[in-house]
Amino acid sequence: MIRRPDTQDLDAVSSLWLDANLEAHGFIPASYWLGHLEEVRAALAQAEVWAFADAAGLLGFVGLQGDYIAGIFVRREARSRGVGRRLLDHVKAGHPRLCLRVYEKNQRAAAFYRREGFRLVEKGVDPETGETELLLEWRRDGSGD
């Protein structure tokens with residue numbers, strides 16, 4: 001079930017954010033993610049967040065700032081079970097255009113977004129990490145292909 005997380009979910013959402021980033025971004029020091037955890041907790045309270053949960057608890061979430069997807073995070077044991085796709089479909093339904101940044105080395109995520117209709121807009125370097133990142137965009141009308 002997709003729903004808005006409540007204040008009681010903040011610890012689970014923050015923990016999932018940290019765990020997923022540490023796992024997916026082994027090329028970035030763990031201290032980077034740990035150093036941003038409190039900032040992200042505060043940002044989550046301001047962002048549009050949708051959580052996917054079942055009887056076992058929180059399996060994933062997506063965070064948006066306007067038309068920008070700040071990230072989709074799915075628990076390791078729930079990956080490849082459609083959680084990310086359902087979260088993405090949920091936010092696509094409410095937006096004619098979405099964009100996001102993904103590290104080029106995060107090949108699994110980049111491939112997922114491309115399969116879901118996102119197209120490369122530009123390639124750049126994240127000034128905080130020095131890593132190459134891709135700006136990807138999706139449009140409901142398919143323009144930009």
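All values derive from a computational prediction rather than experimental measurement.

Asker: Help me understand the pairing of strand E7 (residues 132–139), please; the structure alone is not making it clear to me.
Answerer: Regular strands place their side chains on alternate faces of the sheet. Of all eight residues in E7, six are buried, a share of seventy percent or more. Taken together, the seven bridges between strand E5 (residues 97–103) and E7 define a ladder with antiparallel strand orientation. Within the sheet, the bridge partner assigned to Val-102 lies in E7 and is Leu-134. Here strand E6 (residues 119–125) hands over to E7 after six residues, with Gly-130 in that stretch at a positive phi of 75°.

Asker: Would you mind showing me how to read the nonpolar core here?
Answerer: The tendency in soluble globular proteins is for nonpolar side chains to be buried as a group. Ile-69, Ile-72, Leu-88, Val-91, Tyr-113 and Phe-118 are the most contacted members of the largest nonpolar core, which totals 24 residues. Elements represented by at least two residues in this core include exactly strand E2 (48–54), strand E3 (57–65), strand E4 (68–74), helix H3 (83–93), E5, helix H4 (107–115) and E7. Judged by nonpolar contacts, the second largest core, of 18 residues, contains Ile-28, Tyr-32, Ala-47 and Tyr-103.

Asker: I'm lost on the packing of aromatic side chains in this one. Help?
Answerer: The geometry of an aromatic ring pair is captured by the separation of the ring centres together with the interplanar angle, meaning the angle of the planes. Counted under the stated rule, the structure contains six aromatic pairs. Between Tyr-32 and Trp-33, the aromatic rings sit 4.8 Å apart at their centres with planes inclined by 85°, giving edge-to-face as the arrangement. Judged on exposure class, the residue Tyr-32 and its partner Trp-33 are both buried. Grouping aromatic residues by their ring pairs yields a cluster made of Trp-17, Tyr-32 and Trp-33. Across the ring face of Trp-50, the terminal group of Arg-4 is positioned such that the distance to the ring centre comes to 4.5 Å.

Asker: How should I be thinking about unusual backbone geometry in this particular structure?
Answerer: Glycine aside, residues mostly have negative phi angles, and peptide bonds mostly take the trans form. Of note in this structure, Ser-80 is not a glycine but carries a positive phi near 65°. As for its position among the elements, Ser-80 is in the loop between E4 and H3.

Asker: Looking at this structure, I do not really get helix H2 (residues 30–46). What am I missing?
Answerer: In an α-helix, one turn spans 3.6 residues, which is why side chains three or four residues apart end up on the same side. Compared with an ideal rise of 1.5 Å per residue, which puts 17 residues at 24 Å, H2 spans 25 Å between its outermost C-alpha atoms and is within 8% of the ideal. When the local axis directions of H2 are compared, the greatest deviation, roughly 45°, occurs at Leu-37. Along H2, the residues that are buried comprise Tyr-32, Trp-33, His-36, Leu-37, Val-40 and Leu-44.

Asker: I keep staring at the side chain of Glu-137 and nothing clicks. Help me out?
Answerer: Relative to the helices and strands, Glu-137 is located in strand E7. On the accessibility criterion, Glu-137 (14% relative accessible area) is buried. At 3.2 Å, the side chain of Glu-137 and the side chain of Arg-139 are in polar contact. For Glu-137, the residues in contact, after removing those within four places along its chain, are Arg-97, Leu-98, Cys-99, Gly-117, Phe-118, Arg-119 and Val-121.

Reading the values: rules and limits
Residues numbered from 1 in each chain as written. Predicted model: local features only at pLDDT ≥ 70, side-chain atom pairs only at ≥ 80, totals over all residues. Heavy atoms only, no water. Buried < 20%, exposed > 50% of the residue type's maximum accessible area, 1.4 Å probe, protein only. Helix = DSSP H or I, 4+ residues; strand = E, 2+ residues; numbered from the N terminus. Pairing = 2+ DSSP bridges. Core = buried A, V, L, I, M, F, W, Y, C linked by side-chain atoms within 4.5 Å. Phe/Tyr/Trp six-rings, centres within 6.5 Å; stacked < 30°, edge-to-face > 60°. Lys NZ or Arg CZ within 6 Å of the ring centre and 35° of its normal. Expected span 1.5 Å × (residues − 1). Bend = angle between axes of the 7 residues up to and from the residue. Polar contact = N/O pair within 3.5 Å; in protein donor to acceptor, adjacent residues only side chain to side chain. Contact = heavy atoms within 4.5 Å.

Any link to function would need more than the numbers given here.
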